[in-house]
Amino acid sequence: MSQKIRAGILGTGSYLPEKIVTNKDMEKLVDTNDEWIVTRTGIRERHFAADDEFTSDMATKAAQKALESAGLKPTDLDLIIVATITTDMPTPSTACFVQTKLGAPQAAAFDISAACSGFVYGLTIARAFIESGLYKNILLIGAEKLTTFIDWKDRGTCVLFGDGAGAAIIAPVAEGKHEIISTYMAANGTEADLLKIPGGGCRFPSSLESVENRLHTLKMDGKQIFKIAVKVMSDAVLEAAKRANISLEQISLVIPHQANDRIIQAIGERLGVSPDKLFVNVDKIGNTSAASVGIALDDAVKAGKIKDGQYVAFVAFGAGTTLASSIVKW
Ligand code: UT7
């Protein structure tokens, strides 16, 4: 009988653009203040990409670091997956640009669109390709240049977002060695109106009118999203733990999507998980959508927050609405 192939995280990397924008800087752009942003969101600063720095550039830089940490070369890759809602162009995929910039002509490449859940959706997708034996070395990247799609007249959203990229190499591993033990994905399209960039697709094609009506910028019902996020993300952690056949107490670290520290703490309270087991870096990077969990994972690894043999939970929620979670035994 052939042995089961197990998928795991072989290396991680991240990239944040050079320019740091503080809450004080935001005060110059809109009617806001540091105190409101910190108490409502926990965000203190975020990074903005340069005008000539694209999603594929940030993705490539994060990928190079992930490859280095996995001890692989670009030519070792079989597949490149980029999770993003801020593609360089509507087509071709950002993953194809990354393939060229990285120098991995042998790798297949495609994007996934699952908004803030993109990186965790990608864990399921990459895991399935590895466990099926179809591919050996997969590069998964979450990357966003959200500043392109921000409505600078909407103080309720423009203070929240930042740019960046997080990457991981998914490959066959030995049992329990950085192994992806369980994954869960869900979606609820009836909530699609709560968070969207309406223009630029075939429903509202680009036109003078679409630009005048600011249809190409992000619209969000923050209050509703907040309420739903706390409930469904807590439930998703429980679902991933159930699928991994472990208890919540066995989880050493939860790495949630970094949208708002209040959401993260509310998830902890709902689950009975203490704050020291919740990874938070939203204070430094803001909400980077699909890049968020990838960047947080790399930060947690670098900070020595994950030890061999520990169980780590990933969970994310975003536009769609989409929801995803996973348990990895480090
Ligand atoms: O990543 C995908 C998922 N996204 C999320 O998870 C985001 C979820 N939502 C949130 O994080 C929160 O709803 C927000 C941070 C977006 C907003 O916090 P809130 O506590 O729900 O505030 P609110 O929208 O109800 O606004 C409260 C007040 C309003 O003033 P009034 O009507 O009470 O006078 C807003 O006009 O705060 C005002 N406000 C601001 N004031 C200063 C809204 N934005 C700002 C601002 N600065 N930037």
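Preceding this section is the structure that the text describes.
The notes below deal with the structure included here.

The rules behind the values
Residues numbered from 1 in each chain as written. Predicted model: local features only at pLDDT ≥ 70, side-chain atom pairs only at ≥ 80, totals over all residues. Heavy atoms only, no water. Core = buried A, V, L, I, M, F, W, Y, C linked by side-chain atoms within 4.5 Å. Buried < 20%, exposed > 50% of the residue type's maximum accessible area, 1.4 Å probe, protein only. Helix = DSSP H or I, 4+ residues; strand = E, 2+ residues; numbered from the N terminus. Domains from an automatic or database assignment. Contact = heavy atoms within 4.5 Å. Axes fitted to C-alpha atoms, helices over the stretch in contact; angles between N-to-C directions. Parallel < 35°, antiparallel > 145°, perpendicular 65-115°, else oblique. Left-handed = near helix turned anticlockwise from the far one by under 90°. Nonpolar A, V, L, I, M, F, W, Y, C, P; charged D, E, K, R; others polar. Salt bridge = Lys/Arg side-chain N within 4 Å of Asp/Glu carboxyl O.

**Structural notes on the nonpolar core**
One finds Met233, Ile251 and Ile327 to be the most contacted residues of the largest nonpolar core, which totals 46 residues. Of all elements in the fold, only α8 (222-244), β11 (251-256), α9 (261-271), β12 (311-318) and β13 (322-329) reach the threshold of two or more residues within this core. The greatest single-element share of this core, amounting to ten residues, is contributed by α8. There are two domains that each give this core at least three residues, and those are domain 1 (6-178) and domain 2 (180-329). Setting aside anything within four residues of it in sequence, one finds Ile327 in contact with Glu179, Ile180, Ile181, Ser182, Ala240, Ala241, Ala244, Ile246, Ile251, Tyr311, Val312 and Ala313. Core analysis: the second largest hydrophobic core is formed by 34 residues, Leu79, Tyr121, Ile180 and Phe314 among them.

**Focus on the packing of α8 against α9**
Between α8 and α9, whose axes approach to 9 Å, the crossing angle comes to 50°. Judged by the angle between their axes, α8 and α9 are oblique. Crossing of α8 against α9: the hand is right-handed. Of α9, the residues touching α8 (which contributes Phe226, Ala229, Val230, Lys231, Met233, Ser234, Asp235, Val237 and Leu238) are Arg262, Ile263, Ala266, Ile267, Arg270 and Leu271. Tallied by class, residues from the contact of α8 with α9 come to ten nonpolar, one polar and four charged.

**Notes on the pattern of salt bridges**
Applying the stated criterion across every chain, the model contains 15 salt bridges. In this structure, Asp151 engages Arg214 in a salt bridge whose closest nitrogen and oxygen atoms are separated by 2.9 Å. One end of the pair, Asp151, is in the loop between β6 (138-144) and α6 (155-158); the other, Arg214, is in the loop between α7 (208-212) and β10 (219-220), and 63 residues separate them in sequence. You can call Asp151 buried: its relative accessible area is 6%.

Honestly, that's just the spatial picture; any functional story needs more than this.
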